[in-house]
Amino acid sequence: MKKEETVKLISAEGFEFIIDKNAAMVSQTIRNMLTSPGGFAETEHRQVTFPEISTTILEKICQYFYWSLQYASGKETEFHIEPELTLELMMAANYLHT
Amino acid sequence: MADRSLFMEGGQLESPLVRLCIEAATQSGDAVETWRRQRRTLERLPSQLAEALLHRLLCRRLLYPSLLEVFKYSVEKIDLRGESSVDAEWMAYLGAFQYLCSLNVSDCHRINSSALWALSGMRYLKEVDLSRCSKVDDAGVKHLLSIQTIEILCISETSVTTNGVTLLSSLKRLSKLDLGGLFVTDTALASLQVLTNLQHLDLWGSDISNEGASILVKFPNLTFLNLAWTKVTILPNVSSIACLNMSNCTIHSIFKGEGNKARLSKLILAGALFKDITKAFSYFDSNYLSFLDLSNSSLRDLSFLSFLHALECLDLSGNLVGDDSVKYIAYVGANLKTLNLSNTRVSSVGVAVLVGHVPKLETISLDSTPTDDLAISYIGMISSLKVVNMKCTNVRGVIQQNGGDAECVLSLTALENLKQLEKLNLEETPLKDEAIIPIPNIKQLTHLSLRSSFLTDASLHHLSSIPNLMNLSMQDAILTNAGIESFNPPPSLQVLDLTGCWLLTKDALLSFVQRHSDIEVRHVLVTTFLSDNEDNKYHSPSQTLIRTSQQRRFSSSPLKSEIATIIDQRVKYSRAELLSMQFACTSVGPSSNPPTSPK
């Protein structure tokens, strides 16, 4: 995987998730951060920090990005969400527009 | 499908992951327990998410009073209309909602005046809907008086008396007040004249007379007024009114008086009696009137229409008008979009008069008129039409050429010219198989309703070639099991109504339903969840909202409350699950009685 095609997402606790840029673009918010002109630090370093999102939730979010790409390409599986994550995940999803 | 509509209503919730989360959070009582144990309140949850979650819980019957507590810092709007379980305990929790600005508990029949005590002193409440909570009386109104922020209050068909209405004068911010079906006297209305912010006032069925109506000029901002079913005959010049409903009143004059003419845009006078309609219509500025409902008003002469050039929607159904009056409609037809001439004496000759004068007409209804195939050929010339209703007319679909027996013309061919036609209703007309041959050439058709006992399998197969058909109704047709077996529905079909097709057997229908699970089939033998669904639609809260207050007035409330108490099992399961259960059931026992039928 070339470095240009990946992005780094950092959780509140400082955990780093390196994922495909395409996957991260599932989120409208991240897409805006990475593509908007004006030389934002996020665009330049391809790295976004989320001080409000915990590691567990960010991991789930990343899983969702990949699941969403698969689903869009026709692989219809179920995305399981543990009940204890639902509310936190909902808020994160709302923030990320995903 | 219910889920989808839920989120479309929300508007902002297009995020698919949010939707999945809400689904997961409301999967079961255990799931709810899991996230509930994590925190005492959901204060960080944005209000639109909290509201979506709350309504999903409500739909799935997982909401109970003490669970409401977690929402008390996050929910701003709550809609509990028609929920039979909502009682004083619920209200006690709702009263603690810090930021609540809108509360709808209409049709919650357990709400009484003392339950409203919990609401007293709320700080941000702007909108309260208590419509048809019949146990709410003047004592309930007193509790509401402490909420000075109220702007919208609906207390129609409650037990509030004219004394209670008088008390409302202290809610100075009121802009909308619905007092429909209450015994409001002229004196009570006079005491409300301090409410100068009032824009919307509903007084249908009240005891207001001409004397009370004369007070209405004191409301400078009034734009909507409903005086249906009252004794008012003379409405003074309330020049701010844009929308007026005086259905079922005897009308002598409206807006007569000095000064500016009212700029009325919507006028509903269904079932009204006129002393002199031309005179009654002469006191307001008719250049703005776009919606006029004069149904069932015993009108014969339409010459008064000639001033109404802005009309877009005209309802003349159930009047005694004939072909000679249609010229007045044609005269003001330039902007007309919807025209209802059902149950009038207008025949094909009258329809001919309209041709060329109604360039924007989209909907025409000629239900139960003496029109025939000739009218179809004229309708074919009104190219803007999208909806045509010719139910219960003399349309046969075949015109015999001048006495000859060999030459037949299919009249429905004329409809091929209507490139925008989406809905066609030809129910209760004696159509035969050959008559419907031209229909598949109407490419944009989405809804087709036929009801003729001459139609057979051949018609059903022929209609399967309509590319965009979503809703097909073929009631009372001679369809056979073999016919339905080999029927290949158009890909977009959603509803197939086969009511009254008596030759079909249950097995044939069920096998069709099994093969096409995405199509809703309506037939007396396809009972279980499909017919239940129908009932649900009828009693759903949204329907209650749509239903006009007049209709509500004559409905039998005891029956309704009984229906509302039956817990709806369907909401617990998805459509696919229900389908599988249905077939599991039929495979075990041969005769499965329809479950919980509210009838």
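Scroll up to find the structure.
The rules behind the values
Residues numbered from 1 in each chain as written. Chains lettered and ligands numbered in written order. Predicted model: local features only at pLDDT ≥ 70, side-chain atom pairs only at ≥ 80, totals over all residues. Helix = DSSP H or I, 4+ residues; strand = E, 2+ residues; numbered from the N terminus. Rg over C-alpha atoms; globule rule 2.2 N^0.38 Å. Buried ≥ 20, exposed ≤ 12 C-beta atoms within 10 Å, placed from the backbone. Contact = placed C-beta atoms within 7 Å. Pairing = 2+ DSSP bridges. Axes fitted to C-alpha atoms, helices over the stretch in contact; angles between N-to-C directions. Nonpolar A, V, L, I, M, F, W, Y, C, P; charged D, E, K, R; others polar. Parallel < 35°, antiparallel > 145°, perpendicular 65-115°, else oblique. Left-handed = near helix turned anticlockwise from the far one by under 90°.

Here we look at the overall build of chain A
Logical step 1: A count of helices and strands for chain A gives 5 helices and 3 strands.
Logical step 2: For chain A, the N- to C-terminal ordering of α and β elements is β-β-α-α-α-β-α-α.
Logical step 3: The C-alpha radius of gyration of chain A comes to 13 Å, within 12% of the 13 Å expected for a compact globule of 98 residues.
Logical step 4: Oriented by its inertia axes, the alpha-carbon framework of chain A measures out at about 40 × 30 × 20 Å.
Logical step 5: Counting the 98 residues in chain A, one finds 28% classified as buried.
Logical step 6: For chain A, the share of sequence-separated contacts (at least 6 apart) that also reach a separation of at least 24 residues comes to 68%.

Focus: the sheet that holds strand β3 (residues 47-49) of chain A
Residues and elements named next belong to chain A.
Logical step 1: Spatial strand order, β2-β1-β3: 3 strands in an open sheet with mixed pairing. At either margin of the open sheet sits one strand with a lone partner, and together these are β2 (16-20) and β3. For this sheet, the mean inter-axis angle between neighbouring strands, taken without regard to orientation, is 20 degrees.
Logical step 2: Judged from the 3 bridges that link them, strand β1 (residues 6-10) and β3 form a sheet pairing that is parallel. For I10, the partnering residue across the bridge sits in β3 and is T49.

Description of the interface of chain B and chain A
Logical step 1: Contacts between the two partners involve 17 residues from chain B and, on the opposite side, 14 residues from chain A.
Logical step 2: Broken down by secondary-structure element, the contributors of at least two residues to the side of chain B that touches chain A are α2 (16-25) and α3 (29-38) of chain B.
Logical step 3: In terms of residues, the side of chain B that touches chain A owes the most to one element, α2 of chain B, which gives 7 residues.
Logical step 4: Looking at side-chain class alone, the side of chain B that touches chain A contains 13 nonpolar, 3 polar and 1 charged residues.

Here we look at helix α5 (residues 86-96) of chain A
Residue pairs spaced three or four apart in an α-helix point in one direction, given the helix's 3.6 residues per turn.
Residue and element names in this part refer to chain A.
Logical step 1: With 9 of 11 residues buried, α5 is to be regarded as a mostly interior element.
Logical step 2: Residues of α5 that are buried: T86, L87, L89, M90, M91, A92, A93, N94 and L96.
Logical step 3: Two residues or fewer past α5, H97 is found with a positive phi of approximately 50 degrees.

Things to note about the packing of α2 of chain B against helix α4 (residues 47-59) of chain B
Residues and elements named next belong to chain B.
Logical step 1: Packing of α2 against α4 brings their axes to within 10 Å, and their N-to-C directions diverge by 40 degrees. The angle between α2 and α4 places the two elements in the oblique class. Read as a crossing pair, α2 and α4 show a hand that is right-handed. Residue-level inspection shows V18, I22 and A25 of α2 in contact with α4, the latter providing L49, A52, L53 and R56.
Logical step 2: Among the residues forming the contact of α2 with α4, the class breakdown is 6 nonpolar, no polar and 1 charged.

By themselves, these figures tell us nothing about what the structure is for.
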